[in-house]
Amino acid sequence: MSPAETTRTVETVDTTPGPARITWLPARRSRLVLAVGHGAGGGIEARDLRALAAVLPAHGVSVALVEQPWRVAGKKLAPAPKTLDAGWRDLWPALTAPGLPVVAGGRSAGARVACRTAAGLGAHAVLALSFPLHPPGKPERSREDELLGSGVPTLVVQGGNDPFGRPAEFPPGQYEITEVPYADHGFSVPKRSGLTEDQAMGMLTDAVVRWLDRLP
């Protein structure tokens, strides 16, 4: 997936846990900001975040790729959830500075942060990519309360073979869920699936565009 044909700007924001970074990909006529955070095992180079950054600005959605302080500092391990939440809360004024509704989003651990903080921050909605419903092989350690407690319109985009929670494992609730068939936690699809990475990312971005268009 090639980068978006738009002007990137990078903003450093001081937060309680340390400096964080926002890479802005603005839409020409923006109606929303989608702020997306990365997971605990990678950064904003994740294929799903790159795909959204490449597609959404053409649909009137400015994308803010958020790098948490631990990642900016070059650390390999993410801190405790409360520290991640603190960094996200401190970033929020910068994300709302354009004066537009902000959809809080993220992949994996970033999706958990978005769900936990959305209501308190006044997020317009939540986009949860690869929500880690439970640790692999441990369905009894469910994190469904975080997802069900977002308090705002929420879309989950989940790989069909995600070991952190397959779509059929998700509980009923006031949210939408879209499946990317055969995909794993990083939305990689096996060759035997007959899908290419571009096709899988097209499914993801199409679902997000349709959902964003339906938001009030």
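Described below are features of the structure shown in this document. (Residues numbered from 1 in each chain as written. Predicted model: local features only at pLDDT ≥ 70, side-chain atom pairs only at ≥ 80, totals over all residues. Heavy atoms only, no water.)

**A look at the overall build of the protein chain**
Worth spelling out the cut-off: A run of DSSP states H or I qualifies as a helix once it reaches four residues; a run of E qualifies as a strand once it reaches two. Both are numbered from the N-terminal end. What the globule rule says is 2.2 Å times the number of residues to the power 0.38, and the radius of gyration is computed from C-alpha atoms. Residue contacts are defined here by distance: any two heavy atoms, one from each residue, within 4.5 Å place the two residues in contact. His is not counted here, nor are the chain ends, while Lys and Arg score as positive and Asp and Glu score as negative. Charged side chains are reduced to one point each, which is NZ for Lys, CZ for Arg, CG for Asp and CD for Glu.
Looking only at helices and strands, the protein chain has six helices and eight strands in total. Beginning at the N terminus, the succession of helices and strands in the protein chain can be written as β-β-β-α-β-α-α-β-α-β-α-β-β-α. For a compact globule of 216 residues, the expected C-alpha radius of gyration is about 17 Å, and the protein chain comes in at 16 Å, within 12% of that figure. For the protein chain, the spread of C-alpha atoms along the principal axes amounts to about 40 × 35 × 35 Å. The contacts in the protein chain between residues at least 6 apart in sequence include a share of 62% that link residues at least 24 apart. The positive charge centre, built from 23 side chains, and the negative charge centre, built from 21, are 3 Å apart in the protein chain.

**Topic: the environment of His185**
Convention followed: Only protein chains enter the accessibility calculation, which uses a 1.4 Å probe. A residue is then buried if its area is under 20% of the maximum for its type, exposed if over 50%, and partly exposed in between.
Mapping His185 onto the fold places it in the loop between strand E8 (176-180) and helix H6 (197-214). Under the relative-accessibility criterion, His185 is labelled buried at 13%. Between the C-alpha atom of His185 and that of Gly159, which follows or precedes it by 26 residues, the distance is 6.2 Å. Here His185 is in contact with Arg107, Ser108, Ser130, Pro132, Asp162, Pro163 and Phe164, once residues within four sequence places are set aside.

**Description of the pattern of salt bridges**
This is how the line gets drawn: By convention in these notes, a salt bridge is any Lys or Arg side-chain nitrogen within 4 Å of a carboxyl oxygen on Asp or Glu.
Taken as a whole and assessed by the stated rule, the structure comprises nine salt bridges. We note a salt bridge from Arg31 to Asp213, for which the minimum N-O separation is 2.7 Å. Separated by 182 residues along the polypeptide, Arg31 in the loop between strand E2 (18-25) and strand E3 (32-37) and Asp213 in helix H6 bring together distant segments of the chain. A salt bridge links Asp48 to Arg107; its shortest N-O distance comes to 2.6 Å. Of this pair, Asp48 sits in helix H1 (residues 47-55) while Arg107 sits in strand E5 (residues 102-107), and the two are 59 residues apart along the sequence. Judged by its relative accessible area of 0%, Asp48 falls in the buried class. A relative accessible area of 9% means that Arg107 is categorised as buried. Overlapping salt bridges, with partners in common, bring together Asp85, Arg112, Arg116 and Glu146 in one network.

**Regarding the sheet that holds E2**
Selection criterion: Here, strands pair whenever DSSP counts at least two bridges between them. To get an axis, fit a line to the C-alpha atoms, keeping to the stretch in contact for a helix; angles then go from 0 to 180 degrees between the N-to-C directions.
Pairing within the open sheet is mixed, and its eight strands lie in the order E1-E2-E4-E3-E5-E6-E7-E8. Sheet topology places strand E1 (9-15) and E8 at the edges, where each strand pairs with a single neighbour. With direction set aside, neighbouring strand axes in the sheet form an average angle of 20 degrees. Sitting on the sheet, helix H3 (residues 81-96) touches E1, E2, E3, strand E4 (61-67) and E5, and the angle it makes with E1 is about 135 degrees.

**Points about the nonpolar core**
Formally: Take the buried Ala, Val, Leu, Ile, Met, Phe, Trp, Tyr and Cys residues and link them wherever side-chain atoms come within 4.5 Å; each set so joined is a nonpolar core.
One finds Leu56, Leu127, Val157, Leu204, Val208 and Leu212 to be the most contacted residues of the largest nonpolar core, which totals 33 residues. When residues of this core are traced back to their parent elements, those giving at least two are E3, H1, E4, strand E6 (125-129), strand E7 (154-159) and H6.

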